[in-house]
Amino acid sequence: MGEVASALPPHSDGVNLSLDELINYKQQSVHWLPPGKSLWSQMLGQHHSRQLGRGMDFNEVRQYQAGDDVRAIDWRVTARTGKPHTKLFCEEREKPIVLLLDLSPSMYFGSTLMFKSVQMAHMASLITWLSVAQRDRIGAVIDTGTKRIELKPSARTQGALTLIQSLVSQHNEGLNEHRSQLQPFSHGLQSLNRLCPKGSEIILLSDFSRFNQQDESTLSRLNQHNQVRMVQITDPLELGNTDFRGNELVASEQGSHWLDFAAKQTRHGIAQAFEQQQTYLKQLALKMGISFSTLSSDIPLIKQLHGF
């Protein structure tokens, strides 16, 4: 474990979550602030991408002046007054950014460096501090699979601290909880629908193991009035990549059963099931116009972000 442990991010043991390891990402956020790189363009391997939480917001209408953009003419006000008027816009400063943070049992797994839940928390922390630096409001729905904690979007450092403190608390509670009869993924999406003002940027951080066709309509409704991003957290074992060749007791919603990892058929079956689900998610995201990216639990977050 020595080499693996030395590769872990500061203050992290890969299983338990601490406030210090999430606050550490505050200093990392500067690398994705305008006019520098966009976090999402780095993840998606693109050269151009809209910066997180940045856009143009309507400000006021005034009488048209020579040199104004004719495309911004407000025809309703022009018709009512008989004089041409134009819309003025300003840079949006406080766009709500809301995270769905999946802490259901399948996220408490990691075959090499860290649990998927820990990697998810690291990404959530980076986005949170980046949002604060850009003066955007940040909120979250923490979904444990059996309950949801809703944190309304708020600005400034105190809102960020409340979010990551709640994430640390719920994560470490979940390490010792046995949860059965998990609720559908759509329950978390419904919470987002209630919590998010229209025009929010919504980022889903999950392994999406609970997501299925019954959840599509809820996701579609959420996507109608907001910008949605999906970030899938994965582990190498889910792709059939492991040096382990023994027997392991594996728990799922269908119950517990032993798997023989020495059998190539076992490793292939695991990889095939994962690839089927991931292909389904990618095709769904493409159909809905949602950005889809992945993060693995076996590499520290900062090393995974392209171009860093």
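Whatever comes next refers back to the structure up there.
Everything numeric here is computed off the predicted structure, so don't read it as measured data.

Participant: I keep staring at the packing of aromatic side chains and nothing clicks. Help me out?
Facilitator: The geometry of an aromatic ring pair comes down to the distance between the two centres and the angle between the two planes. Taken as a whole and assessed by the stated rule, the structure comprises 3 aromatic pairs. When the ring of F185 is compared with that of F211, the centres are 5.6 Å apart and the planes differ by 75°; the resulting orientation is edge-to-face. With a gap of 26 residues between them, F185 in the loop between α6 (156-174) and α7 (186-195) and F211 in the loop between β6 (201-206) and α8 (216-224) connect regions that are remote in the sequence. Neither residue differs from the other here; F185 and F211 are each classed as buried. Here F211 and Y280 contribute two aromatic rings whose centre-to-centre distance is 6.3 Å and whose plane-to-plane angle is 40°, an arrangement assigned as tilted. Within this pair, whereas F211 is found in the loop between β6 and α8, its partner Y280 is found in helix α9 (residues 264-288), the two being separated by 69 residues in sequence. A connected cluster of aromatic rings, assembled from ring pairs, spans F185, F208, F211 and Y280.

Participant: I would appreciate a short explanation of the side chain of Q119 in the present structure.
Facilitator: Mapping Q119 onto the fold places it in helix α5 (residues 116-133). A polar contact is formed between the side chain of Q119 and the backbone oxygen of S296, at a distance of 2.8 Å.

Participant: Looking at this structure, how should I read empty space enclosed by the protein?
Facilitator: Empty space among the atoms becomes visible once a probe the size of a water molecule is rolled across them. Counted by the stated rule, this structure contains 1 cavity of 30 Å³ or more. Lining the largest cavity we find L103, Y108, T144, K147, Q170, E173, G174, E177 and R179. Across the lining of the largest cavity, the residue classes break down as 2 nonpolar, 3 polar and 4 charged.

Quick notes on the rules
- Within each chain, residues carry numbers counting from 1 in the order of the written sequence.
- Under the rules for a predicted model, residues below a pLDDT of 70 receive no local features and side-chain atom pairs below 80 are neither given nor counted, while totals for whole chains, interfaces and linings still include all residues.
- Side-chain descriptors were evaluated using all non-hydrogen atoms of the structure, hydrogens and water having been removed beforehand.
- Side-chain rings of Phe, Tyr and Trp, where Trp is taken by its six-membered ring, are said to pair if the distance between their centres is within 6.5 Å; with planes under 30 degrees apart they count as stacked, over 60 as edge-to-face, and otherwise as tilted.
- The secondary structure listing takes helices from DSSP runs of H or I that are at least 4 residues long and strands from runs of E that are at least 2 residues long, numbered from the N terminus.
- Each residue is placed in one exposure class: buried if its accessible area under a 1.4 Å probe, protein chains only, is under 20% of its type's maximum, exposed if it is over 50%, and partly exposed if it falls in between.
- Here a polar contact is recorded for every N or O atom pair within 3.5 Å, except that within protein the pair must consist of a potential hydrogen donor and a potential acceptor, and residues adjacent in sequence are included only if both atoms are side-chain atoms.
- Lining residues are defined by having an atom within 4 Å of a point belonging to a cavity or pocket. Those points lie on a 1 Å grid over the protein atoms alone, cavities being sets where a 1.4 Å probe fits but cannot get out and pockets being open sets with protein on both sides within 12 Å along at least five of seven lines.
- Grid points are joined across faces, edges and corners, and a volume is the space filled by probe spheres set on the points.
- By the convention adopted, Pro, Cys, Tyr, Trp, Phe, Met, Ile, Leu, Val and Ala count as nonpolar, Lys, Arg, Asp and Glu as charged, and the other residues, Gly among them, as polar.

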